[in-house]
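Summary of the model geometry
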Amino acid sequence: MPVTRLRPPPLRRPRAVLGTALAAIAAGGLVAIAFAGCGVVGPGPISTVGKVDFDTPLAIPPLAESTVDADGTRVFSLDAQAGTTEFTPGEPSATWGFNGNYLGPTLVAERGEHVRVDVANSLDEPTTVHWHGMHLPAEMDGGPHQMVAPDASWSPEWDIDQQAATLWYHPHPHGETEDHVARGLAGMFILHDEHERSLGLPSEYGVDDVPVIVQDSGFSAEGEQESKQRGYAGGLGDELIVNGTRGPYLEVSDELVRLRLLNASTARTYAFTWGDARPVELIATDGGLLEASVSLDHVRLSPGERAEVLVRVTPGERVVLQSKMTPEIAGLVGPVADTNGGSDAFDVLEVRAAETLDPAPPVPAALNTIDDFDESEVAMTRNFTLNDSFEINGEAMDMGRIDETVTVDTLERWIVDNATSLPHSFHVHDVQFRIASIDGAAPPAELAGWKDTIFTEPEKKYELLMRFEDYSDPDTPYMYHCHLLWHEDQGMMGQFAVVEPGQRATITEGTHHEH
Ligand code: C2O
Ligand code: CU
Ligand code: CU
């Protein structure tokens, strides 16, 4: 069976050459010229719609095993490892993964539980594990200050104190995050709660409640890890993989299926849609369920964002999840895509319904209650301007500098201004936030729920509201950053500490890891 490629094979370039291109961008912001100088040839129009052979069953990441300690702590183990993965049978690629060689197991926990994850690092370089979307103490967050050395281990523990949601985990070593994620270090972290269970949504893992981790891979058909093509957004892979599976199909035997979409790509943004144009039924965003399901033409996910969607199938039918090109994401597949007329559209996953399907109860109209923050309680307004040099408020990330000091148990308004002509994104650790407005207007229904990562369109302002309820720690910061991982690695990140009233934040010597 011929291998369908999203792009022609990328040019393999030594890091030094990439470095020159990056320096040129940093110096002049002349992205197109920098890339022309490094020899990237624009490929022809990219569309795999109707061309992908869905010939491999979708791999389902195993559920992480756990034990419960005498004190009730649920304990998981993750070991970052190097190994190989055969994306195509007989063609091993060098990959990394947790407890295996590509991606990692899915962790599942319940609101109210106390969890601990014993993280081991069997790689020969330091890494971290960050719990993206999780509300937890800063020292458990797994950001760049919680490095785990080779052969060392780290055991963060915290209370699950937030609603049911699809979260994920990935490395966060400053300057190396794109590389570590691209090699395969990522996994899903699903939270449940009583309210969500009471809704009767599909909830049988891997059967009618299915993780869909979408990535564009830089692994070549010959089994080597190629340097990805460099676009404005970062490394763009030439193959689409879902849960590490190329050309995946998912067989289902339930009429109602819940897909947990996670964009774990380092740079690529998707606009997920159904091949037969049925609406996308969105029920949850990053931090939990929406108040009611929303019918959309497509759901846009930039790197790090999640969406839960429901799909109702009829016996024997096949329906293809695709990603289409939309005007807002054209800039995010970068100069490479711009040169081919913006026709990026591709097949992602084929859902195949069995001839006999188990019926599903109707989905309740009311899924959640989301109370608006009371804006009169805003204690502090902060501005974050994203610029062309991959800086926030004119500064690049400095591990030794606390950029913002937040008083615990206060409501804050963060105004994120993408002052550039190209997209970025914005992610805040520790909290789930609400989008109060986009350029002064109320957000669309799909962005009205709980979010921790947003796509920021060019020249738009996003007003975010968030409450920093607890977990003060003057010595350990959390991060906020663009989640285009290459931008983040270049320094498009800042640090905030949550402190008691009147307390001063400091970076403790020793937790400061010089890159
Ligand atoms: Cu998904 Cu700061 O990261
Ligand atoms: Cu995060
Ligand atoms: Cu960015």
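Conventions used here
Per-chain numbering applies: the sequence of each chain, read as written, is numbered from 1 onward. All chains are assigned letters beginning at A, and all ligands numbers beginning at 1, according to the order in which they are written. Only residues with pLDDT of at least 70 get local features here, since the model is predicted, and only at 80 or more are side-chain atom pairs given and counted; chain-wide, interface and lining totals rely on the full set of residues. As a rule here, side-chain values come from all non-hydrogen atoms in the structure, and water together with hydrogens is ignored. UniProt positions are given in the numbering used here, feature names are shortened, and annotations may be inferred rather than shown by experiment. Here a strand is any run of E in DSSP of at least two residues, a helix any run of H or I of at least four, and the numbering for each starts at the N terminus. A 1.4 Å probe rolled over the protein chains alone gives each residue an accessible area, and that area as a share of the maximum for its type sets the label: buried under 20%, exposed over 50%, partly exposed in between. Whether two residues are in contact is decided by their heavy atoms: any pair within 4.5 Å suffices. Only the protein chains shown count as cover for residues, with accessible areas throughout obtained via the Shrake-Rupley method and a probe of 1.4 Å. In this analysis a 1.4 Å probe is tested at points of a 1 Å grid over the protein atoms alone, and where it fits but cannot get out there is a cavity; an open set with protein on both sides within 12 Å along at least five of seven lines is a pocket; lining residues have an atom within 4 Å of a point. Grid points are joined across faces, edges and corners, and a volume is the space filled by probe spheres set on the points. Counted as donors are N, O and S atoms no farther than 2.8 Å from the metal, or 3.2 Å for Na, K and Ca; water is not among the atoms, and sites may therefore look incomplete. Only when DSSP finds a minimum of two bridges between them are two strands counted as paired. In the sections that follow, a salt bridge refers to a side-chain nitrogen of Lys or Arg positioned within 4 Å of a carboxyl oxygen of Asp or Glu.

- Named according to an unreviewed UniProt entry, the protein is Cell division protein SufI originating from Agromyces cerinus subsp. cerinus.
- Under the UniProt heading Sequence similarities (unreviewed entry), the note attached to the protein is "Belongs to the multicopper oxidase family."

1. Considerations on the overall build of the protein
- Looking only at helices and strands, the protein features 7 helices and 34 strands.
- Burial statistics for the protein: of 515 residues in total, 60% are counted as buried.
- For the protein, the share of sequence-separated contacts (at least 6 apart) that also reach a separation of at least 24 residues comes to 79%.
- Carbon and sulfur atoms form 50% of the exposed surface of the protein, whose accessible area is close to 18500 Å².

2. Some remarks on empty space enclosed by the protein
- Across all of its chains, the model carries 2 cavities of 30 Å³ or more by this definition.
- The volume enclosed by the second largest cavity comes to roughly 40 Å³.
- What lines the second largest cavity is simply Ala164, Ala165, Leu191, Glu196, Arg258, Arg260, Ala284, Gly288, Leu289 and Glu308.
- If you list the elements that add at least two residues to the lining of the second largest cavity, you get β18 (256–263) and β21 (288–296).

3. Considering the coordination of the copper ion (ligand 2)
- Protein coordination at the copper ion (ligand 2): the donors are His130 (NE2) and His427 (NE2), at 1.9 Å from the metal. Linking His130 in strand β7 (residues 130–132) with His427 in strand β29 (residues 424–428), this pair joins segments that are 297 residues apart in sequence. His427 carries the same exposure label as His130, and that label is buried.

4. Re unusual backbone geometry
- Here Asp151, not a glycine, exhibits a phi torsion of approximately 70°, which is positive.
- Residue Ala277 is not a glycine yet carries a positive backbone phi of 70°.
- Inspection of the secondary structure puts Ala277 in the loop between β19 (270–274) and β20 (280–285).

5. A short note on the pairing of strand β23 (residues 306–312)
- Summarising burial for β23: 6 of the 7 residues are buried, a large majority.
- Pairing analysis gives 7 bridges linking β18 to β23, with the strands arranged antiparallel. Along β23, the bridge assignment pairs Leu262 with Arg306.

6. Comments concerning the pattern of salt bridges
- The final tally for this structure, using the stated rule, is 35 salt bridges.
- Residue Glu196 pairs with Arg260 through a salt bridge whose shortest N-O separation is 4.0 Å. With Glu196 in helix α4 (residues 194–198) and Arg260 in strand β18, the pair connects residues that are 64 residues apart, well separated along the chain. Here the two residues Glu196 and Arg260 agree in accessibility, since each one is buried.
- Close ionic contact of Arg318 with Glu350 constitutes a salt bridge, the shortest N to O distance being 3.7 Å. With a gap of 32 residues between them, Arg318 in strand β24 (residues 318–323) and Glu350 in strand β25 (residues 346–358) connect regions that are remote in the sequence.
- Since its relative accessible area comes to 10%, Glu350 is described here as buried.
- Salt bridges sharing common partners tie together Glu196, Asp209, Arg258, Arg260 and Glu308.

7. Observations concerning the coordination of the copper ion (ligand 3)
- Each protein donor to the copper ion (ligand 3) is listed here as His424 (ND1), Cys482 (SG) and His487 (ND1); together their distances run 1.9 to 2.2 Å.
- Within one chain, the residues donating to the copper ion (ligand 3) are spaced in sequence as H-x57-C-x4-H. Residue His424 is found in strand β29, and its partner Cys482 is found in the loop between β33 (478–481) and α7 (485–490); the two are separated by 58 residues along the sequence.
- In this structure Cys482 comes out as buried when scored by relative accessible area, which is 1%.

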